[in-house]
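# Coordinate analysis (summary)
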Amino acid sequence: MKRNVMCWMAAGLLMAGAIGPASAFEAADLASADLIDLTHPFNEQTLYWPNSPTKFQHKVLSVGHTEGGWFYSSYSFCSPEHGGTHLDAPIHFDEEGRTADEVALEKLIAPAAVIDISGKAAANPDYRLTVEDVTVFEEAHGKIEEGTMVLLRTGWSARWPDAKAYLGDDRAGRTDALHFPSFGEEAARLLIEERGVRVIGVDTASIDYGQSRNFIVHQIAGAHNVSGLENLTNLESLPPKGALVMALPMKIGGGSGGPLRAVAVVPQSE
């Protein structure tokens, strides 16, 4: 029965166009795969953009035993859309872009290509992915195929949740002295406009680097209805190719983004 469940899951992903026929059953068979959580927990340490007016709030509504004798707990939470591990919907930087609830599932479930620039980022916190970096990756691992989810590994998630180390500046309200790596404009154009990737994501606070003033990568992504994933973690646990990533945000009607639970299914090596 368990195998049948996996087969149905694989068939669903295949029909959605999320994975190719050859890898559908292998990628979806959870019994022979590692599950990697790519999400930071939401709590009082969750990082937000420095000028965010609020942060994550979690309040008790009820905790304890009822008059009937059973235990019951319930909480409320409040959070800006853009903080912690989250999705940027296309409308975040494009007036005509899709909202969070309009992003199709086949855009959010896809095979991943993980580009590692952690060495270069360690030497330069303002480093941006280049076309040459993408070319080197493709020479080693094959061309990035249309429909891929490209995740950029900078190593920055190891700095979470230290705001000074992670953002480059921990002063509330200040955004002029942020320093962290991310995608570069030309590399983003190559991936989105030429390779046709479905989603781009990164283990830093933004798909634009910290010193960006025009958020050009956000603009490029939004104009092509490509969503961004920010503040990912555990990318070092993923292979350059071969993982299936499911990045499902809270389905906020009309939202420009939202909190995200992202997981990767990685086939075990034989």
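Details of the structure are given in the entry above.
Just so you know, the residues in each chain are numbered from 1, in the order the chain's sequence is written. pLDDT decides what is reported in this predicted model: residues at 70 or higher carry local features, side-chain atom pairs at 80 or more are listed and counted, and totals for whole chains, interfaces and linings draw on all residues regardless. With hydrogens and water set aside, each side-chain value is computed from the structure's full complement of heavy atoms.

In what follows, salt bridge is the name for a side-chain nitrogen of Lys or Arg lying within 4 Å of a carboxyl oxygen of Asp or Glu. All chains considered together, the criterion is met by 8 salt bridges. Among the ionic pairs, Glu138 bridges to Arg195, the shortest N-O distance being 2.8 Å. Taken together, the positions of Glu138 in helix H5 (residues 131–141) and Arg195 in the loop between helix H7 (185–194) and strand S9 (199–202) put the pair 57 residues apart, joining distant regions of the chain. For the pair Glu138 and Arg195, one class covers both residues: buried. A cluster of three or more residues bridged by salt bridges with shared partners is formed by Glu185, Arg189 and Glu193. Numbering of helices and strands starts at the N terminus; helices are DSSP runs of H or I of at least 4 residues and strands are runs of E of at least 2. Exposure is judged per residue with a 1.4 Å probe applied to protein chains only, and the accessible area is read against the type maximum: over 50% gives exposed, under 20% gives buried, and values in between give partly exposed.

Bringing the pairing of strand S12 (residues 257–267) into the picture now. Counting buried residues along S12, 8 of its 11 residues qualify, which places the element largely inside the surrounding structure. The rule for pairing is simple: two strands pair if DSSP sees at least two bridges between them. Relative to S12, strand S1 (residues 33–37) runs antiparallel, the two being bridged by 5 bridges. Each bridged residue has a counterpart across the sheet, and for Asp34 the counterpart in S12 is Val266. Across 3 bridges, strand S4 (residues 86–88) lies against S12 in antiparallel orientation. Its bridge partner lying in S12, Leu87 is registered against Gly258. Judged from the 6 bridges that link them, strand S11 (residues 241–249) and S12 form a sheet pairing that is antiparallel. Pairing of Leu248 across the sheet is with Arg261, part of S12.

Looking at the secondary structure, you find Pro90 in the loop between S4 and helix H3 (105–108). The contact partners of Pro90, leaving out residues within four places of it in the chain, are Gly97, Arg98, Val103, Gly222, Asn225, Val226 and Ser227. By definition in these notes, contact holds between two residues if any of their heavy atoms fall within 4.5 Å.

Exposure above 30% relative accessible area and the lack of any salt bridge qualify a residue for a patch; like charges then connect within 9 Å, and the nonpolar side chains Val, Leu, Ile, Met, Phe, Trp and Tyr within 5 Å. To be clear on the numbers: accessible area is Shrake-Rupley with a 1.4 Å probe, and residue cover counts the displayed protein chains and nothing else. Taken together, the side chains of Val60, Val63, Phe71 and Tyr75 make up a nonpolar region of the molecular surface, amounting to roughly 400 Å² of accessible area. Elements supplying a minimum of two residues to the nonpolar patch: strand S2 (57–65) and strand S3 (71–78). With respect to the element layout, Val63 can be found in strand S2.

Glancing now at the side chain of Thr204. Mapping Thr204 onto the fold places it in the loop between S9 and helix H8 (216–223). For Thr204, the residues in contact, after removing those within four places along its chain, are Thr154, Trp156, Tyr166, Phe180, Pro181, Ser182, Glu230 and Asn231.

On to the packing of aromatic side chains. Ring geometry is summarised as follows: Phe, Tyr and Trp rings, the Trp one being its six-membered ring, pair when their centres sit within 6.5 Å, and such pairs are stacked at plane angles under 30 degrees, edge-to-face over 60 and tilted between the two. Under the defined criterion, the tally for this structure stands at 6 aromatic pairs. Within the aromatic cluster, the residues linked to one another by ring pairs are Trp49, Phe93, Phe180 and Phe215. Its guanidinium or amino end placed over the ring of Tyr209, Arg128 lies 4.0 Å from that ring's centre, counting from NZ or CZ. To sit over a ring, a charge needs its Lys NZ or Arg CZ within 6 Å of the ring centre and within 35 degrees of the ring normal. The aromatic ring of Trp156 is capped on one face by Arg159, whose charged end is 3.7 Å from the ring centroid.

Note on terminology: a nonpolar core comprises buried Ala, Val, Leu, Ile, Met, Phe, Trp, Tyr and Cys residues joined through side-chain atoms within 4.5 Å. The biggest cluster of nonpolar side chains holds 25 residues, and the ones touching the most others in it are Ile115, Leu129, Val134, Ile144, Val150, Phe183 and Leu191. Put simply, the parts of the chain that give this core at least two residues each are strand S5 (109–116), H5, strand S7 (149–153), H7, S9 and H8. Top element by residues in this core is H7. It accounts for 5 residues. The contacts of Leu191, once residues within four sequence positions are left out, are Leu129, Val134, Ile144, Val150, Phe183, Gly196 and Val197. Membership of the second largest hydrophobic core comes to 24 residues, among which are Leu38, Val103, Val114 and Leu260.

The analysis is restricted to geometry; functional conclusions fall outside its scope.
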